[in-house]
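Here is what each chain is made of, one letter per residue.
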Amino acid sequence: VNMRDQSGEFAIVVAATNGHEDAVRALLELKADPNATQDTGLTGLLGASFCGSRDMVKMLLDANADPTARMKDGSTALHLAVQNNDTELARLLVEIEGFPIDAGRPGAEEQTALHMAAASGYTAMGMLLLHHEARQISVTNYGDTEAMEAAINGDFALLQALVVSAQIFEET
């Protein structure tokens, strides 16, 4: 159950990435490692996050999957939730005590989930992350901050929230 196939993949990771909840459940019952990690850094939790399966994410977390796992490009489960604009999955993740909400992606200019949300025009996602105290800490190679990304997208609501958040952060 915890062995790689000829291509170096673990069954639990493949099942999770392809959204096969019943297969993941069966593999966990057979004592599959919920933290099995492929060469790319992909784990079952990251795969479940990628395919947007909140129930599978919960199941893997209940089986002690590492919520701080990262792919080789630095992506966390939260980055994948933001990429898919899945605010409910993002909420599930950021409510985990000690979850790395401000983790950056080294391969993507240290881009945080908040920066990704602002750059993608995902207002509700950005608001959720700010509500959970995500900080504005990433800057692209072009010097674009989260606020600049919101301005580029014409997202006044998120821009306003980012400015207020930055002022509060500076005061503390």
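Before reading on, note that the structure itself is shown above.
Note that the coordinates shown come from a computational prediction; the quantities given were computed from them, not determined experimentally. (Residues numbered from 1 in each chain as written. Predicted model: local features only at pLDDT ≥ 70, side-chain atom pairs only at ≥ 80, totals over all residues. Heavy atoms only, no water.)

### A look at helix α4 (residues 54-62)
Every buried residue of α4 is listed here: M56, V57, M59, L60 and L61. Against α1 (11-17), α2 (21-29), α3 (44-51) and α6 (87-94) lie the buried residues of α4. N64 sits one or two residues past α4 and shows a positive phi near 75°. (Buried < 20%, exposed > 50% of the residue type's maximum accessible area, 1.4 Å probe, protein only. Helix = DSSP H or I, 4+ residues; strand = E, 2+ residues; numbered from the N terminus. Contact = heavy atoms within 4.5 Å.)

### Side note on unusual backbone geometry
The backbone of K31 shows a phi angle near 75°, a positive value even though the residue is not glycine. Mapped onto the elements, K31 comes out in the loop between α2 and α3. For K31, a relative accessible area of 66% gives the class exposed.

### Points about α3
With respect to burial, α3 is a largely interior element, six of its eight residues being buried. For α3, the set of buried residues is G44, L45, L46, G47, A48 and S49. Where α3 is buried, its residues contact α1, α4, α5 (77-83) and α6. G52 lies just past α3 and shows a positive phi near 75°.

### Quick notes on the nonpolar core
Formed by 47 residues in total, the largest nonpolar core has its most connected members in I12, V24, L60, L78, V82, L93 and L129. In this structure L60 touches I12, A16, V24, L28, P34, G44, L45, A48 and A65, once residues within four positions along its chain are discounted. (Core = buried A, V, L, I, M, F, W, Y, C linked by side-chain atoms within 4.5 Å.)

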